[in-house]
Amino acid sequence: MAQTLAEQILSQAAGRPVQAGEVVTVRVDLAMVHDSIAPSVIRILHEQLGAERVWNPDRIAVAIDHVAPAANLQTAESQNKLRAWAREQGIRNLFDVGRGIAHQVLIEERLARPGLLIVGSDSHSTAYGAVGAFGTGMGATDIALALATGQTWLRVPETIHVQARGRLGAGVTAKDVALKIARELRADGATYQAIEYHGFDSFSVGERTTLATMAIEVGGKAGIVPPTGAALADDYVPSWLTVEADATYSRTLAIDLDDLDPQIAAPHHVDNVTDLRNLGRIPVDVVYLGTCTNGRHEDMAAAARILRGRRIHPSVRMMVVPASSEALQLAVADGTLSTLLAAGATLGTPGCGACIGRHMGVLGPTDVCLFTGNRNFRGRMGHPDAQIYLGSPEVAAATAVAGYIADPREIA
Amino acid sequence: MSRIWRFGDDVNTDQIVPGRYAPYMTSEAELRKYPFIEARPDFAPTVQAGDIIVAGRNFGCGSSREYAPQALKLVGVGAIIAPSFARIFYRNALNLGIPLFEADLQWLEDGAEAQLDLDGGILHTARGPIALPQPPAWMQQVWQAGGIVPYFRQHGRFPGEAAQ
């Protein structure tokens, strides 16, 4: 029987053919735990499960990315304990302060690969679908059980088939596609389901990551871009992982890339999306370029193309927080970073930064922010009265120049 | 008697416990103060053990932070009833042993009195009894065990295929 990519990967992980709707116990290929959840995970491992050792230290990755570097004594102490625990357990894949956001780093390190089942303590673990893995986010108890046993349980999800047609125009990006999908499916449109993204063979791994990270914003359990096309030619794709034309999908959503305009999610819901042109003139105080959704080198380079030779509007603060040290090094090497700094941007340490509202650019009550991240929930980045708009790196750069949310096609 | 706490659609984990309120090793005594601290400031100080949350669609969307359902468990929320739940929240709540029912009861008034008979799956209200949709048997077994960790320790395996 033909299977979706999610069914194929979960069949491998279960050791038998499975189909949507079944509840199955599966082997985990890789488990990721990050700094802000790890203390709870370790507590559950030791105090509730009585597990002294993790199941396999080589299949565990630890990332210190959420509050990196530490913002206060509590986080500093907690991170020291996490480092000591990882050493004691023999976990070599510890990505410490400055290496970057777990999702970006695991893809760069080739720990995330096609066909793997990856569970992570962060909801944006759907990102691993960028390279054809089944990535899903879980809470502390689930991750603790996975670390102790190498297994978890899952309901095999139905799959939504997203089908793109055409090509993106100038100034329109993968982020606009992700926001358009949120606009069409709504915040709960893929609840309990996986998404497969078809028609994106020309997309880079970074563009695929933008799509896959935002699968969770429509409720998705996983968001998988088939590992085909030029971007993944050198990645090992297992022979059993193939798109089967007669697999059963719960629905199909067609996205016409030719006609897509820059999209904006207005406060305070990710699916409160409109064409930028319908927005009116929204003055902005903060432009924040970064996160697992849009903090890669190509995102910074896209912003730099618009900002080259220009100055950021005097009423705007622009934060740039690279998704990883590799992204930062690339941006240094090709002059992208100096362009951004010359325009007046400020640089933060690679990591999650203010996306989670704990440090490095927390918003005050009157702040209006154009954010390249994935969530604009009330209070997410700081004060609950702050206004967060989501847009692409190009829109971020155009907005930084204009001082209001602006269309990159009118700035360039 | 328990009371009904009404919430709307798309209640997210940042509304349940804003990220900046529960960094790292927050104690249970602290966490108890935080549920809906900004979205509904009267909730944490006055909620009683056994009270029931009745919400709209997609309850618990957003982060994987388990301290969102954990905070609701700490204050004694007896069940959450909504037409749909975000799946990470659903798992986290199930793992902690909080009963969830998928039903649209948004016509119930905020502050209404009600009594939940968990075994029978009946919500007794002033307007009569409401039969709640029954979750699969294995899910009820997780509730009865008190959560996924006690379940796993009792059975030596995860719920699902072997129990169906």
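Scroll up for the structure.
Residues numbered from 1 in each chain as written. Chains lettered and ligands numbered in written order. Predicted model: local features only at pLDDT ≥ 70, side-chain atom pairs only at ≥ 80, totals over all residues. Heavy atoms only, no water.

## Section: the overall build of chain A
Turning to step 1, where the next piece is worked out: Counting its regular elements, chain A contains 13 helices and 18 strands.
Turning to step 2, where the next piece is worked out: Against the compact-globule benchmark of 22 Å for 412 residues, chain A has a radius of gyration of 20 Å, which places it among compact chains.
Turning to step 3, where the next piece is worked out: Oriented by its inertia axes, the alpha-carbon framework of chain A measures out at about 55 × 55 × 40 Å.
Turning to step 4, where the next piece is worked out: Within chain A, counting contacts between residues at least 6 apart in sequence, those at least 24 apart form 75% of the total.
Turning to step 5, where the next piece is worked out: Summed over all atoms, the accessible surface of chain A reaches about 13600 Å², with 48% contributed by carbon and sulfur.
Turning to step 6, where the next piece is worked out: Here chain A contributes 35 positively and 43 negatively charged side chains, and the mean placements of these two sets differ by 3 Å. (Helix = DSSP H or I, 4+ residues; strand = E, 2+ residues; numbered from the N terminus. Rg over C-alpha atoms; globule rule 2.2 N^0.38 Å. Contact = heavy atoms within 4.5 Å. Areas by Shrake-Rupley, 256 points an atom, 1.4 Å probe, with all protein chains shown as cover. Lys, Arg positive; Asp, Glu negative; His and termini not counted. Charge placed at Lys NZ, Arg CZ, Asp CG, Glu CD.)

## Brief notes about helix H7 (residues 205-213) of chain A
All names here are of chain A.
Turning to step 1, where the next piece is worked out: Of all the nine residues making up H7, seven are buried; the element is thus mostly covered by neighbouring parts of the structure.
Turning to step 2, where the next piece is worked out: Taken together, the buried positions of H7 are occupied by Gly206, Arg208, Thr209, Thr210, Leu211, Ala212 and Thr213.
Turning to step 3, where the next piece is worked out: Residues of H7 that are buried sit in contact with helix H4 (102-108), helix H6 (174-185), strand S9 (193-198), strand S10 (222-224), helix H8 (291-294) and helix H9 (297-307). (Buried < 20%, exposed > 50% of the residue type's maximum accessible area, 1.4 Å probe, protein only.)

## Structural notes on the nonpolar core
Turning to step 1, where the next piece is worked out: Within the largest apolar cluster, 101 residues are counted, with the highest numbers of intra-cluster contacts made by Trp85 of chain A together with Phe43, Ile53, Phe59, Leu72, Ile80 and Leu123 of chain B.
Turning to step 2, where the next piece is worked out: A per-element tally of this core places helix H5 (residues 140-149) of chain A first, with six residues. (Core = buried A, V, L, I, M, F, W, Y, C linked by side-chain atoms within 4.5 Å.)

## Considering the sheet that holds S10 of chain A
Residues and elements named next belong to chain A.
Turning to step 1, where the next piece is worked out: Strand order in the open sheet formed by four strands is S10-S9-S8-S11, with parallel pairing between adjacent strands. Every other strand in the sheet has two partners, leaving S10 and strand S11 (251-256) as the edge strands with one partner each. Each strand of the sheet is rotated relative to its neighbour by a mean of 20°, with strand direction disregarded.
Turning to step 2, where the next piece is worked out: Across six bridges, the pairing between strand S8 (residues 158-165) and S9 is parallel. (Pairing = 2+ DSSP bridges. Axes fitted to C-alpha atoms, helices over the stretch in contact; angles between N-to-C directions.)

## Thoughts on unusual backbone geometry
Residues and elements named next belong to chain A.
Turning to step 1, where the next piece is worked out: Put simply, Ala68 and Pro69 share a cis peptide bond, and its omega is 0°.
Turning to step 2, where the next piece is worked out: Within the fold, Pro69 resides in the loop between strand S3 (60-63) and helix H3 (73-89).
Turning to step 3, where the next piece is worked out: Residues Pro267 and His268 are joined by a peptide bond in cis, for which omega reads -5°.
Turning to step 4, where the next piece is worked out: Tracing the backbone shows His268 in the loop between strand S12 (263-265) and strand S13 (273-275).

## Quick notes on the interface of chain A and chain B
Frequently, the measure chosen for interface size is the accessible area that the parts lose on association.
Turning to step 1, where the next piece is worked out: At the interface, 54 residues of chain A touch 41 residues of chain B.
Turning to step 2, where the next piece is worked out: For the pair chain A and chain B, the summed buried surface comes to about 4100 Å²; carbon and sulfur atoms form 54% of the total.
Turning to step 3, where the next piece is worked out: Inspection of the region where chain A meets chain B yields three salt bridges.
Turning to step 4, where the next piece is worked out: Connecting chain A to chain B are 20 residue pairs in polar contact (both at pLDDT 80 or more).
Turning to step 5, where the next piece is worked out: Elements that contribute at least two residues to the side of chain A that touches chain B include exactly strand S1 (23-27), helix H2 (38-48), H3, strand S6 (134-137), H5 and strand S7 (151-155) of chain A.
Turning to step 6, where the next piece is worked out: Here the side of chain A that touches chain B is built from residues that sort into 18 nonpolar, 25 polar and eleven charged. (Buried area = accessible area lost by both parts, 1.4 Å probe. Salt bridge = Lys/Arg side-chain N within 4 Å of Asp/Glu carboxyl O. Polar contact = N/O pair within 3.5 Å; in protein donor to acceptor, adjacent residues only side chain to side chain. Nonpolar A, V, L, I, M, F, W, Y, C, P; charged D, E, K, R; others polar.)

## Some points on the sheet that holds strand S5 (residues 117-120) of chain A
All names here are of chain A.
Turning to step 1, where the next piece is worked out: A sheet is described by the order of its strands in space; here five strands give the open sequence S4-S3-S2-S5-S6, paired in parallel fashion. The strands lining the two open edges of the sheet, one partner per strand, are strand S4 (94-95) and S6.
Turning to step 2, where the next piece is worked out: Where strand S2 (residues 30-34) lies against S5, three bridges are found, and the strand directions are parallel. When the sheet's bridge partners are listed, Met32 is paired in S5 with Gly120.

## What about the pattern of salt bridges?
Residues and elements named next belong to chain A.
Turning to step 1, where the next piece is worked out: Following the criterion strictly, the structure yields 25 salt bridges over all chains and no others.
Turning to step 2, where the next piece is worked out: Arg375 is the partner of Glu217 in a salt bridge, and the nearest nitrogen-oxygen pair spans 3.1 Å. Here Arg375 lies in the loop between strand S17 (368-371) and strand S18 (387-390) and Glu217 lies in the loop between H7 and S10, a separation of 158 residues in the sequence.
Turning to step 3, where the next piece is worked out: Each of Asp261, Arg277, Asp407 and Arg409 takes part in a single network of salt bridges with overlapping partners.

## So, the packing of H2 of chain A against H3 of chain A
Residue and element names in this part refer to chain A.
Turning to step 1, where the next piece is worked out: It is the contact of H2 with H3, at a shortest axis distance of 10 Å, that shows an interaxial angle of 50°. Between H2 and H3, the angle is such that the two are oblique. Taken as a pair, H2 and H3 cross one another with a handedness that is left-handed. Residue-level contacts link Ala38, Pro39, Ile42, Leu45 and His46 of H2 to Ser78, Leu82, Trp85 and Gln89 of H3.
Turning to step 2, where the next piece is worked out: Counted by class, the contact of H2 with H3 contains six nonpolar, three polar and no charged residues. (Parallel < 35°, antiparallel > 145°, perpendicular 65-115°, else oblique. Left-handed = near helix turned anticlockwise from the far one by under 90°.)

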